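Overview (structure and organization)
As a plain string of letters, each chain reads:
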Amino acid sequence: MDYRAKLQQAVNSLIGKRLWGCARATNMVMFQFGEARAITDQLGREKEVGEFALHVQCPWRIAVDDRVIVGSRDINYPADYSEGDEIPESFDWDKDRTRLDRLIDFFLHESTNLRVRDIKAGRAASLCIAVGENLYLDVFPNDSLPSEHWRLLEPGKKVPHFVAARIEP
Amino acid sequence: MWDDGSYDSEFDPQTGNVLSCQKAGGTWVELGQNGNWSASPNGSLSGLVTGIQNGSVPGVLSQGPNGTYLTTYASTGQVITDVTPNGATTYSYVQAQAPRSQPSVPRLLIGRTATCVTLEPCGAVEGTGAVGAALIFGATVATVVTYRYFAKKRDTKQANDAWREIQRRCASKGKQLNDDHREQWHEAITGQGLDYNDLIQIGVEMFCPGAASD
């Protein structure tokens, strides 16, 4: 089985699952899919996770038809930023709420029917995840380093993670 | 401030201002120490000097006994703006156009409030401009009351970077981390809003409690 087929097989498990959560650990975004359930993590903390989590460290975007409604570069702007505004020197996306956070919260809160309809694994570990009727979550690795681009895991289950990284020739 | 984190007094006749300090090979940081100096190496300040010199620290904010101070830097570590409770000075460094067959000569522009002075190798010429940046930073200073320096945020994979730092810290305690550890770490952080330091702290707490940053 070639690499793209392995990718496709791994992500097919998301089909039919509902996208309901998104949190940010520095500039890695973690999408939650499937039924939400409470677990106790390795440090004894209670938290709510999905059946699947997609941890993305490469560029991504959510588009409705041809319009981007939120994307990874929105992290560079304060939550209340408008085009042309001065970005304060003190703005720190690692600490502060960003435009990305605001838009993704709004998107998840306002959207209905966010079940994954289809997924296509593309070139170089890119993903096109069709959600609902006309939403698309695109994930597109864009660096040549061997480090991880994204990983798919099943939180709370002892199942090996699927990790997408650069393929060595 | 010197590479080992020791620092001279701002009243030192040899190194007590931005230009003389830089000329002597030091890195100028406005800490507002009221003339204090220290000959003792300091790991924290040494790290700060390294960050300034390699361009990863674009500025330092500090709270001294007389108020707030701000120094901002070019990527080479040279001071661009120096703001103290007494006023602001801006600096820019340009490469002068040199006559043919002669090496180019660095030229320094110094801006103080609404005027600036251009220092040629053998003299000075007055000019105007270079006040905007100082005013902007001045507004920022008014809102900051604690010492910190702000790091330039890089558009790299910060979670990968955090994991490497966890590996490094655990290795310093004799523990090697593998892919299984990394999976456990991802399980621990999933679904939570965390910053870079949180990611490192969680990993260290899980695999090598007590491992320090150095």
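Scoring rules and cut-offs
Residues numbered from 1 in each chain as written. Chains lettered and ligands numbered in written order. Predicted model: local features only at pLDDT ≥ 70, side-chain atom pairs only at ≥ 80, totals over all residues. Helix = DSSP H or I, 4+ residues; strand = E, 2+ residues; numbered from the N terminus. Buried ≥ 20, exposed ≤ 12 C-beta atoms within 10 Å, placed from the backbone. Pairing = 2+ DSSP bridges. Axes fitted to C-alpha atoms, helices over the stretch in contact; angles between N-to-C directions. Contact = placed C-beta atoms within 7 Å. Parallel < 35°, antiparallel > 145°, perpendicular 65-115°, else oblique. Left-handed = near helix turned anticlockwise from the far one by under 90°. Nonpolar A, V, L, I, M, F, W, Y, C, P; charged D, E, K, R; others polar. Expected span 1.5 Å × (residues − 1). Arc of directions from axis to C-beta.

1. Points about unusual backbone geometry
Leaving glycine out, the prevailing phi sign among residues is negative, and the prevailing peptide bond configuration is trans. All names here are of chain A. The phi dihedral of Ala124 falls on the positive side, at around 55°, and the residue is not glycine. Relative to the elements of secondary structure, Ala124 occurs in the loop between β8 (116-121) and β9 (127-131). Residue classification places Ala124 among the partly exposed positions, given that 16 C-beta atoms sit within 10 Å. A positive phi angle, near 70°, is found at Ala125, a position not held by glycine. When you line up the elements, Ala125 lands in the loop between β8 and β9.

2. Notes on the sheet that holds strand β7 (residues 67-71) of chain A
Residues and elements named next belong to chain A. Read from one edge to the other, the open sheet built from 5 strands follows the order β7-β6-β10-β9-β8, with strand pairing classed as antiparallel. Of all the strands in the sheet, just β7 and β8 have a single pairing partner and so form its edges. Averaged over all neighbouring strand pairs, the angle between strand axes comes to 20°, with direction disregarded. Relative to strand β10 (residues 135-139), β9 runs antiparallel, the two sharing 5 bridges. Bridge pairing links Leu127 to Val139 in β10. Helix α1 (residues 3-11) rests against β8 and β9 of the sheet, and its axis sits at about 165° to β8. Contacts from helix α2 (residues 99-110) reach β6 (60-64) and β7, with the element oriented near 115° to β7.

3. What to know about the sheet that holds strand β1 (residues 19-25) of chain A
All names here are of chain A. The 5 strands lie next to each other as β1-β2-β5-β11-β12, forming an open sheet whose pairing is antiparallel. Looking along the sheet, the strands with just one partner apiece sit at the ends: β1 and β12 (162-165). Direction aside, the axes of adjacent strands within the sheet are offset by 15° on average.

4. What about the packing of helix α5 (residues 179-189) of chain B against helix α6 (residues 196-207) of chain B?
Residues and elements named next belong to chain B. Between α5 and α6, the shortest axis-to-axis distance is 10 Å and the interhelical angle comes to 125°. Judged on the interaxial angle alone, α6 and α5 are oblique. Note on packing geometry: the crossing formed by α5 with α6 is right-handed. Here His181, Gln184, Trp185, Ala188 and Ile189 of α5 lie close against α6, whose contacting residues are Leu199, Ile202, Gly203, Met206 and Phe207. Each residue belonging to the contact of α5 with α6 can be placed in one class, and the counts come to 7 nonpolar, 3 polar and no charged.

5. Let's talk about α6(B)
The end-to-end C-alpha separation of α6(B) is 17 Å, in line with the 16 Å expected for 12 residues at 1.5 Å each. Within the span of α6(B), buried status applies to B:Leu199, B:Ile200, B:Ile202, B:Gly203, B:Met206 and B:Phe207. The buried side chains of α6(B) occupy one side of the element, clustering within an arc of 160° when seen end-on. Lining the buried residues of α6(B) we find β1 of chain A together with α4 (158-172) and α5 of chain B.

6. A few points about the interface of chain A and chain B
Opposite the 30 residues of chain A that make contact, chain B presents 26 residues. Elements with a contribution of two residues or more to the side of chain A that touches chain B: β1, β2 (28-33), β4 (46-49), β5 (52-56) and β11 (148-153) of chain A. Among the elements that make up the side of chain A that touches chain B, the one with the highest residue count is β1(A) (4 residues). Its residues placed into classes, the side of chain A that touches chain B shows 10 nonpolar, 10 polar and 10 charged.

7. Overview of the pairing of β2(A)
Residue and element names in this part refer to chain A. Judged by how many residues are buried, β2 sits mostly within the fold: 6 of 6 residues are covered. Neither face of β2 is exposed, since Met28, Met30 and Gln32 on one face and Val29, Phe31 and Phe33 on the opposite face are all buried. As judged from the 6 bridges shared by β1 and β2, these two strands associate in the antiparallel manner. Of the residues in β2, the one forming a bridge with Ala23 is Met30. Bridge count for β2 against β5 is 5 bridges, and the pairing is antiparallel.

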